[in-house]
Amino acid sequence: MKRLLTAAVAVLLTAAAGCATTDDRARPAGGRTLVVALDLPFQGAASDTSESVANAADIYLDEIGAMAGPYRIELRRYDNATATKGSWDDATCVRNATDHVAATDEVAVLGAANSGCTKLQLPTLNQDPAGPMLMVSHSNTNPGLTKPWEQGEPEKYFPTGRRGYARVITTDEYQGAAAAQFAARDLKVGRCAVLHDNQTYGQGVAEAFAEEAARQGVTVLDRGAWDARATTYTALFQAVKATDADCVFLSGIYDNNGGQLVKDKVAVLGPNSGAVPLIVPDGFFGFRDFQRLPAAEGAYLTFGGLGLAQMKAAGGAAARLLADYRARHGSEPASAYALYGVQALQVILAAVARSDGSRRGVRDQVFEGTGVSVPAAQAMLGKDVRIDPATGDVNVRDLSVLRMTGGAETFLKAWPLP
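Treat the numbers as computed from the prediction; the structure is a model and nothing was measured. (Residues numbered from 1 in each chain as written. Predicted model: local features only at pLDDT ≥ 70, side-chain atom pairs only at ≥ 80, totals over all residues. Heavy atoms only, no water.)

Draft legend 1. Spatial organisation of the pattern of salt bridges. Counted by the stated rule, this structure contains 19 salt bridges. Across the pair Arg229 and Asp227 runs a salt bridge whose closest N-O atoms are separated by 3.3 Å. Judged by relative accessible area, Arg229 falls into the exposed class, the value being 75%. Lys312 is paired through a salt bridge with Glu332; the nearest N and O atoms lie 2.4 Å apart. Taken as a pair, Lys312 in helix α9 (residues 308–313) and Glu332 in the loop between α10 (316–329) and α11 (337–354) lie far apart in primary sequence, 20 residues in all. Classification of Glu332 as partly exposed rests on a relative accessible area of 24%. Overlapping salt bridges, with partners in common, bring together Lys147, Arg167, Glu173 and Asp393 in one network. (Salt bridge = Lys/Arg side-chain N within 4 Å of Asp/Glu carboxyl O. Buried < 20%, exposed > 50% of the residue type's maximum accessible area, 1.4 Å probe, protein only. Helix = DSSP H or I, 4+ residues; strand = E, 2+ residues; numbered from the N terminus.)

Right, dumping it as structure tokens:
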């Protein structure tokens, strides 16, 4: 399979393996063409969500004539997953970052989807001789990418001393704390087993959950890791059962054998609507395999943003794009990350439109002076979206609690920012 797929923005990008396609007839007249790279896991459990992000970005570019200021815009897909692993891959993420720097027509990266992948890519993008090269993520939630968290963060991702990374979604310390508050206040649990997948994202959310759970008077029984390569987790949940846990929080990504994990949780501890409810973060959000899994029924999910239903009901730009998406693809996107992907793209295009068309110029529009903003009337989030030039974090922060009901992620309630 080719790792890199290229397509003109006015033509539906193909995710299948094969050669790049370009349709010059569809390109708008105008200035020189600049490329925005999409760095996402197009294989494995997250492929549906990545396809939705790419498809929504494609549709949005069609809507605006594929222009940002005087520049024509194209998208280029990079797959950071491997078939063997079934999810994002360390070596592939590193190689992609090198390829971004080498592709002289690229001015920014939309992605990566996973915080661990982004952490591997940022130092290379930051040291780009023509940059730093701007990266804007729609789904990275690890706090350390933009603020002090683990040792050396976030400075170690920006060796030049100049930031080049932004995101449009709420971070883990808020989401983990919200999940713990929900468990204590709404579910009235007293003893919760906390397990993570031993990756950057999972560990960060687990830490935030455990700290807030303790403040809420919930006893945290375990903060161990599950082995993503295991064929069964029966013994793991039997050990949890022996602790008299009345809650399980699985902190990680569904790609890491989440289906088997949830099946075995239900087999040992009972249905999620029973005595031991299951809570998962947005690492399980938007996966159609998880939505279709009978054992997932009744599970609670937290999401550092708004769901598709809320964004559609609010009307505006998001509702219009969703209507166009249904018209073109016959269904809604796999998850709300599709609209957050477009929001990230809007930030990039706002920077491109005001820039001189160089990588450094695009980056400087976001991180120098007053930064960039997208007005509410255009923004997918339905609010004025601003990126803080000092950190790269977004001003809009939403939290939602959802529940798996009838095979769908059903909005339960908004949660106030902890």
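Draft legend 2. Local environment of the side chain of Gln291. For Gln291, the location among the structural elements is in helix α8 (residues 288–292). When near neighbours in sequence (up to four residues on either side) are disregarded, Gln291 contacts Gly286, Ala334, Met404, Gly407 and Glu409. (Contact = heavy atoms within 4.5 Å.)

Draft legend 3. Expanded view of the packing of helix α4 (residues 172–185) against helix α5 (residues 200–215). Orientation of α4 relative to α5, taken along the N-to-C sense of each, is 45°, at an axis distance of 7 Å. Relative to α5, α4 is oriented oblique. As for how α4 packs across α5, the hand of that crossing is right-handed. Within the contact between the two elements, α4 uses Asp172, Glu173, Gln175, Gly176, Ala177, Ala179, Ala180, Gln181 and Ala183 and α5 uses Tyr201, Gly204, Val205, Ala208, Phe209, Glu212 and Ala213. Tallied by class, the residues present in the contact of α4 with α5 amount to nine nonpolar, four polar and three charged. (Axes fitted to C-alpha atoms, helices over the stretch in contact; angles between N-to-C directions. Parallel < 35°, antiparallel > 145°, perpendicular 65-115°, else oblique. Left-handed = near helix turned anticlockwise from the far one by under 90°. Nonpolar A, V, L, I, M, F, W, Y, C, P; charged D, E, K, R; others polar.)

Draft legend 4. Looking closely at the state of the cysteines. Across all of its chains, the model carries two disulfides by this definition. In this model, Cys93 is linked to Cys117 through a disulfide, with the two sulfur atoms separated by 2.0 Å. Sign of the S-S torsion, about -115° for the bond between Cys93 and Cys117, identifies this disulfide as left-handed. Of this pair, Cys93 sits in helix α2 (residues 90–102) while Cys117 sits in helix α3 (residues 115–126); the two residues are 24 residues apart in sequence, bridging distant segments of the chain. As far as burial versus exposure is concerned, Cys93 and Cys117 are alike and both buried. For Cys192, the disulfide goes to Cys247, at an S-S distance of 2.3 Å. In this structure the cystine formed by Cys192 and Cys247 twists about its S-S bond by roughly -45°; its chirality is therefore left-handed. Residue Cys192 is located in strand β8 (residues 191–196), and its partner Cys247 is located in strand β10 (residues 247–251); the two are separated by 55 residues in the primary sequence. Judged by relative accessible area, Cys247 falls into the buried class, the value being 0%. (Disulfide = S-S within 2.5 Å.)

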